[in-house]
Amino acid sequence: MRTLDIGENTALRNAIAVVDAPVRPSPLSSTLTFTRRALLKIKHVPEQLMDVTLTPVIFTLMFTYLFGGAIAGDTRTYLQFLLPGILVQTVLIVTVYTGFTLNTDITKGVFDRFRSLPIWRPAPIVGALLGDTVRYSVASVITLGLGLLLGFRPDGGVVGVVAAVALLLVFAFALSWIFTILGLLMRSPNAVMGVSMLVLMPLTFASNIFVAPETMPSVLRAWVDINPVSALVTAVRGLMAGTATFSDVAWVLVAAAVITAILAPITMRIYRTRS
Amino acid sequence: MTAVDVARHTALLTGRGIRRSTREVDALLLAVALPVLLMVLFVVVFGGALRPDGRYVDYVVPGVILLCAGYGAAQTAVAVAGDMTEGIVDRLRTMPVAASAVLTGHVVASMARNALAMVAVVAVALALGFRPSAGPLQWLAAAGILALFVLAVSWVSACLGLVARSVEAASGFTFAVLFLPYLSSAFVPTETMPRALQGFAEHQPITLVVEAVRGLLLGTPTTTAGAAVLWCAALAAAGATGAAVLFRRAR
C-alpha cells in the first residue's frame, strides 16, 4: 500500500478538515421545505388530483339531477342546499390522502432518512399537512366553479364564499390529524385508505350534507346533531347564504381547535416512537 | 361430443367457478355488502326526504335487488378476463373439453352466486321494513325476470371479459353496470328527473326490469314485464352469440 506524498496528504486533510457546521434550519424553514416537497409531488404526479376533480363532479351532478327533483321538488332549489355540503364532503375526502401519502413515505423508507436529518422533528408531518391545503383549495375551486356553472348563487357574495372556504380549510387541517395517525399506524397505504373511508362514511353521509336532519329517523338525527361535520356544513351554508351566526362559526373553530389540541400531540408521540 | 358430455363439462366448470367464488371471500362479501350499504343509506338517510310517508323502503328494494344482481353478474367479466390472461383456457383447449362449457360454466356460476347475494339483500330488506304483498306466483315471476336479467348481464360481461386486455380493465365494466341503475327508476321516479335524463331513464332496459319486479312484489299492476323479458332475452342471446364468436377468435 503506497503512502501519500506531502501534497496529496495536505489536500486530503483540507477535504476532511472540521469546519463550522451549517446553521441548523429553523422550524419554520424546515416546515416550508416539506410543504414545497408536498407541492412538488402534485406537480410531478398530477394524476393524484383526479379524485379531487372527479369526486365533486360526480356527486354534484348525480345528486342534483338524479335525486334533486325528488328531494326538493326541483333541481335549482336543491343545488342551493347541496353545493355547500358537497364542498365540505369533497375537501374532507381529500384529507384522507394526507395519511395515504405519509404511509407511502414510511413504507418506502423516506421517513427514516428524514429522521436522520438535523431538522425540527415534526417538520415532515406539519409540512405535508400545509402542502395538502393546496389540494383542498383546488378541490374547493373545482366544486364552486361547477356549482356556479350549474346555477348555484351564493347570497353571501365573494366575502361569504371566501370565509366559508377558509373555515373549511381550518377544519380540514384539524381533521387530517386523524388520517395522519392512521398513516403512522397502518401497515400499507391501501389499509390507510380503507380504514379512513370507514371513518369518513358516518361523518359525511350521516350528516346534513344531502338532506335536512328533520327527514331522518330520530336515532340517526341524534347522531347528526352532534356530528361535527353537520356543524361545519351549517356554518359553511350560512356563510355562503349570508345568514351565518357567530355561534355557527365559533362552534366549528372550537371543534377544530379541540381536535388539533388532542390529536397533534398524539400524532407526534406516535411519530417519535413508531416511525 | 354428445350433449351429455357438454352438460357434464359445464357442470364441472360451474363447480370450479362456484369454488373460486367461495375462496375469494372479499369479492363475495363486496357483492353483498355494497348493495346492502346502499340500501341502508337510501332507506335510513335519504328515505324520509325522498318519500315522506315512510314507505320508501318498498319503492327502493326492487332497485337495490337489481343493482346487486347487475353488479354481481358483471363480475363474470373479471373471472373470464382472469382465465384468458392466466392461461387456464389454453390448458383447457388442449383437453377434450367442450369449448362452450368454459363460458357457460362462468355464466351458470354467476347465476348461482347472484341467487345467494339476492337472498341476502332481500333478508336485510325485510329487516329494514320491506313488506311485499306478492303471492308465491308473483315471487316466482319476479325471480324468473331477475334470473333472466342476471343471465343477460352475465353473457354481456363474458363478452367484455374476452375483449378486455387485463383483469383491471374488465373490473372497470362492473362499475359502469353499478352506475346504470341510478339512471333509471330504481331509486327515484323518472318524472322527478330533468327532461333530458327522463327520456333515457324511461326507455332503458333497467327501468323496465325494475318496474316489472316492483309491480310483481308490491302487487301493483305492471305493464313492463313483457318488455323486460324481451329485452333480457335479446341481450342474453346477443351476449351468448358474441361470446361464442369472440371465444373462437381468441384461439
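Thresholds, definitions, all that
Residues numbered from 1 in each chain as written. Chains lettered and ligands numbered in written order. Predicted model: local features only at pLDDT ≥ 70, side-chain atom pairs only at ≥ 80, totals over all residues. Heavy atoms only, no water. Helix = DSSP H or I, 4+ residues; strand = E, 2+ residues; numbered from the N terminus. Rg over C-alpha atoms; globule rule 2.2 N^0.38 Å. Buried < 20%, exposed > 50% of the residue type's maximum accessible area, 1.4 Å probe, protein only. Contact = heavy atoms within 4.5 Å. Lys, Arg positive; Asp, Glu negative; His and termini not counted. Charge placed at Lys NZ, Arg CZ, Asp CG, Glu CD. UniProt positions renumbered as here; feature names shortened; annotations may be inferred. Expected span 1.5 Å × (residues − 1). Buried area = accessible area lost by both parts, 1.4 Å probe. Salt bridge = Lys/Arg side-chain N within 4 Å of Asp/Glu carboxyl O. Polar contact = N/O pair within 3.5 Å; in protein donor to acceptor, adjacent residues only side chain to side chain. Nonpolar A, V, L, I, M, F, W, Y, C, P; charged D, E, K, R; others polar. Phe/Tyr/Trp six-rings, centres within 6.5 Å; stacked < 30°, edge-to-face > 60°. Lys NZ or Arg CZ within 6 Å of the ring centre and 35° of its normal. 1 Å grid on protein atoms, 1.4 Å probe; cavity = no way out; pocket = protein on both sides within 12 Å on 5 of 7 lines; lining within 4 Å. Points joined across faces, edges and corners; volume = space filled by probe spheres on them.

Q: For the overall build of chain B, give the residues involved together with the corresponding values.
A: Secondary structure assignment for chain B yields 10 helices and 0 strands. Scanning chain B from its N terminus toward the C terminus, one meets helices and strands in the order α-α-α-α-α-α-α-α-α-α. The C-alpha atoms of chain B give a radius of gyration of 19 Å, which matches the 18 Å a tight globule of 251 residues would have. Counting across all 251 residues of chain B, residues that qualify as buried make up 47%. In chain B, the proportion of contacts linking residues at least 24 apart, taken out of those at least 6 apart, comes to 80%. Both charge centroids of chain B, one from 17 positive and one from 12 negative side chains, sit 7 Å from each other.

Q: Quick rundown of the UniProt feature "transmembrane region" (unreviewed entry) in chain A? Include the residues and the values.
A: Residue and element names in this part refer to chain A. If you check UniProt for "transmembrane region" (unreviewed entry), the listed places come out as residues 49–72, 78–102, 123–152, 158–185, 192–211 and 249–271 in our numbering. This span, residues 123–152, is 93% helix and 0% strand, and a straight line between its end C-alpha atoms measures 39 Å. The annotated region residues 158–185 carries 100% helix and 0% strand content, and the separation between its end C-alpha atoms amounts to 41 Å.

Q: Account for the environment of Phe81(A), with residues named and values stated.
A: Residues and elements named next belong to chain A. Structurally, Phe81 is set in helix H4 (residues 75–108). Judged by relative accessible area, which is 24%, Phe81 ranks as partly exposed. Sequence separation of Phe81 and Ala241 is 160 residues, and the distance between their C-alpha atoms is 9.7 Å. Not counting chain neighbours up to four residues away, the residues in contact with Phe81 comprise Asn208, Ile209, Phe210, Val211, Ala212 and Arg237.

Q: An account of helix H3 (residues 56–86) of chain B is needed here, citing residue identities and associated values.
A: Across its 31 residues, H3(B) extends 45 Å between first and last C-alpha, which sits within 8% of the 45 Å expected from 1.5 Å per residue. Among the 31 residues of H3(B), 28 are classified as buried, and the element is accordingly described as predominantly covered.

Q: If you had to explain the UniProt feature "transmembrane region" (unreviewed entry) in chain B to someone new, which residues and values would you point to?
A: Per the UniProt record, "transmembrane region" (unreviewed entry) is found at residues 27–47, 59–81, 102–127, 139–163, 170–188 and 225–247 of chain B. Structurally, residues 102–127 of chain B comprises 100% helix and 0% strand, and the distance from its first C-alpha atom to its last is 39 Å.

Q: Which residues make up the interface of chain B and chain A, and what values do they have?
A: Facing the 17 residues of chain B at the interface are 16 residues of chain A. Its largest share of buried area at the contact with chain A, chain B owes to Val45(B), Phe46(B) and Ala49(B), together 32% of the area lost on that side. Linking chain B with chain A are 0 salt bridges. At the junction of chain B and chain A, the tally comes to 0 residue pairs in polar contact (both at pLDDT 80 or more). At 8 residues, the largest contribution of residues to the side of chain B that touches chain A is made by helix H2 (residues 25–50) of chain B. Per-class residue counts for the side of chain B that touches chain A are 15 nonpolar, 2 polar and no charged.

Q: Describe the side chain of Thr101(A), listing the residues and the values that go with them.
A: As for its placement among the helices and strands, Thr101(A) is situated in helix H4. Excluding anything up to four places from it in sequence, Thr101(A) contacts Lys41(A) and Arg135(A).

Q: How would you summarise helix H10 (residues 228–241) of chain A if you had to cite specific residues and measurements?
A: All names here are of chain A. Over its 14 residues, H10 runs 20 Å from end to end, which matches the ideal 20 Å to within 8%, given 1.5 Å per residue. The element H10 is extensively covered by neighbouring structure, given that 10 of its 14 residues are classed as buried. Those residues of H10 not exposed but buried are Val229, Ser230, Leu232, Val233, Ala235, Val236, Arg237, Gly238, Leu239 and Met240. Buried-residue contacts for H10 involve H4, helix H6 (123–150), helix H7 (157–185), helix H8 (189–204), helix H9 (218–226) and helix H11 (246–273).

Q: How would you explain the packing of aromatic side chains if you had to name every residue and give the values?
A: This model, assessed by the stated rule, comprises 19 aromatic pairs over all chains. Following the ring pairs from residue to residue traces out a cluster consisting of Phe59(A), Phe63(A), Phe67(A), Phe205(A), Phe210(A), Phe42(B), Phe46(B), Tyr182(B) and Phe187(B). The cationic tip of Arg214(B) hangs over the ring face of Tyr59(B); the distance from NZ or CZ to the ring centre is 3.7 Å.

Q: Explain empty space enclosed by the protein to me, and be specific about the residues and the numbers.
A: All names here are of chain A. For the structure on display, the rule yields 3 cavities of 30 Å³ or more. In this structure, the largest cavity occupies an estimated 150 Å³ of space. What lines the largest cavity is a set of 15 residues, among which Ala38, Lys41, Thr101, Asp105 and Ala128 lie closest to the centre. When residues of the lining of the largest cavity are traced back to their parent elements, those giving at least two are helix H2 (27–44), H4 and H6. Take the lining of the largest cavity: its biggest share by element is 5 residues, from H2. Looking at the lining of the largest cavity residue by residue, the classes come out as 7 nonpolar, 3 polar and 5 charged.

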